[in-house]
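# An overview of the molecular structure
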Amino acid sequence: MSKPRLFIGNRRFSSWSLRAWQVLRKSGLDFEEVLVPLDDVDTRSTISEISPGGTVPALHTEDGVIWDSLAICEWAAEQVPSLWPASAPLRHRARSAASAMHAGFFALRQHCPMDLGREPAAIELNDATRMDIALMQALWHDVATRPGPYLFGEWSIADAFFTPAATRFRTYAVDLHSEAQAYCDQLLADEDFLAWEAGALEEDFPNPYENPI
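So, a few notes on the structure that sits alongside this text. For clarity, every value in this text was computed on a predicted model and none was experimentally measured.

Rules of the game
Residues numbered from 1 in each chain as written. Predicted model: local features only at pLDDT ≥ 70, side-chain atom pairs only at ≥ 80, totals over all residues. Heavy atoms only, no water. Salt bridge = Lys/Arg side-chain N within 4 Å of Asp/Glu carboxyl O. Helix = DSSP H or I, 4+ residues; strand = E, 2+ residues; numbered from the N terminus. Buried < 20%, exposed > 50% of the residue type's maximum accessible area, 1.4 Å probe, protein only. Contact = heavy atoms within 4.5 Å. Phe/Tyr/Trp six-rings, centres within 6.5 Å; stacked < 30°, edge-to-face > 60°. Pairing = 2+ DSSP bridges. Axes fitted to C-alpha atoms, helices over the stretch in contact; angles between N-to-C directions.

### A few points about the pattern of salt bridges
With the rule as written, the count across this model stands at 10 salt bridges. Across the salt bridge formed by Asp-30 and Lys-3, the nearest N and O atoms sit 3.8 Å from each other. With Asp-30 in the loop between helix H1 (15-27) and strand E2 (32-35) and Lys-3 in the segment before strand E1 (5-8), the pair connects residues that are 27 residues apart, well separated along the chain. Of the charged contacts, one joins Glu-197 and Arg-170 as a salt bridge, the two residues approaching to 2.7 Å between their closest N and O atoms. With Glu-197 in helix H9 (residues 191-202) and Arg-170 in helix H7 (residues 157-171), this pair connects stretches of sequence that are 27 residues apart. The exposure class assigned to Glu-197 is buried, which follows from its relative accessible area of 13%.

Right under this line is the structure:
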């Protein structure tokens, strides 16, 4: 294999694919991108052939397959350590923040799925989702390092993990504290995210949330 191959889901809907893709873009590593539509009749069989975990993203490397978004990001950081903060204390906090997003906020993810093609409009939020939104804003406030526009000053993998949340807050017109809103604005202005979003708006696939796989 001449270069790693990243299998991703629809750009419009696949938040986990966005995270891995954005980190690989930031790394500067050369990789090939392969799109797997998420609501195709052959989606399940296609993904099972490329991913032992049955999910995307999946990264094929010379050493094997990595099929978890955080694991893919850690692989990239092994090649390019600057994807995490340089100082150990900040690096530990950044990893903790990314892991919190990776393993939690289930109500927000379920009730407000990422949809980059949806016109922004508020929806009725349940208590669990409101709690997730409050907890995420509190996390951002507690770990934020200044100066710098991102959580830990310079952009890091932690910011990639929260970028899909920023799109959710925009899509569902969620009112945020000014500090949290400024952070979301920064994430959504990132050039790599904008490239992903432009690709998402060119896609013409069914909404997989109507028939989730």
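### Details of the environment of Phe-161
Along the chain, Phe-161 falls in helix H7. Look at Phe-161 and you get buried, because its relative accessible area is 0%. Sequence separation between Phe-161 and Ser-27 is 134 residues; the distance between their C-alpha atoms is 15 Å. Those residues in contact with Phe-161, other than ones at most four positions away along the chain, are Trp-16, Arg-19, Ser-69, Leu-70, Cys-73, Ala-98, Met-101 and His-102.

### Focus on the packing of aromatic side chains
Evaluation of the coordinates by the stated rule reveals 5 aromatic pairs. For the pair Trp-21 and Trp-196, a centre-to-centre distance of 5.1 Å together with 55° between the ring planes defines the contact as tilted. With Trp-21 in helix H1 and Trp-196 in helix H9, the pair connects residues that are 175 residues apart, well separated along the chain. Taking the relative accessible area as the measure of exposure, Trp-21 reaches 4% and is therefore buried. Pairwise contacts between aromatic rings join Trp-140, Phe-162, Phe-169 and Tyr-183 into one cluster.

### Side note on the sheet that holds strand E4 (residues 64-66)
Sheet architecture is open: 4 strands sit in the order E2-E1-E3-E4, paired in mixed fashion. Of all strands in the sheet, those bounded by a partner on one side alone are E2 and E4. Ignoring which end each strand starts from, the neighbouring axes of this sheet average 20° apart. Both E1 and strand E3 (residues 58-61) contribute to a ladder of 3 bridges, which runs antiparallel. Counted as the bridge partner of Phe-7 is Ala-58 from E3.

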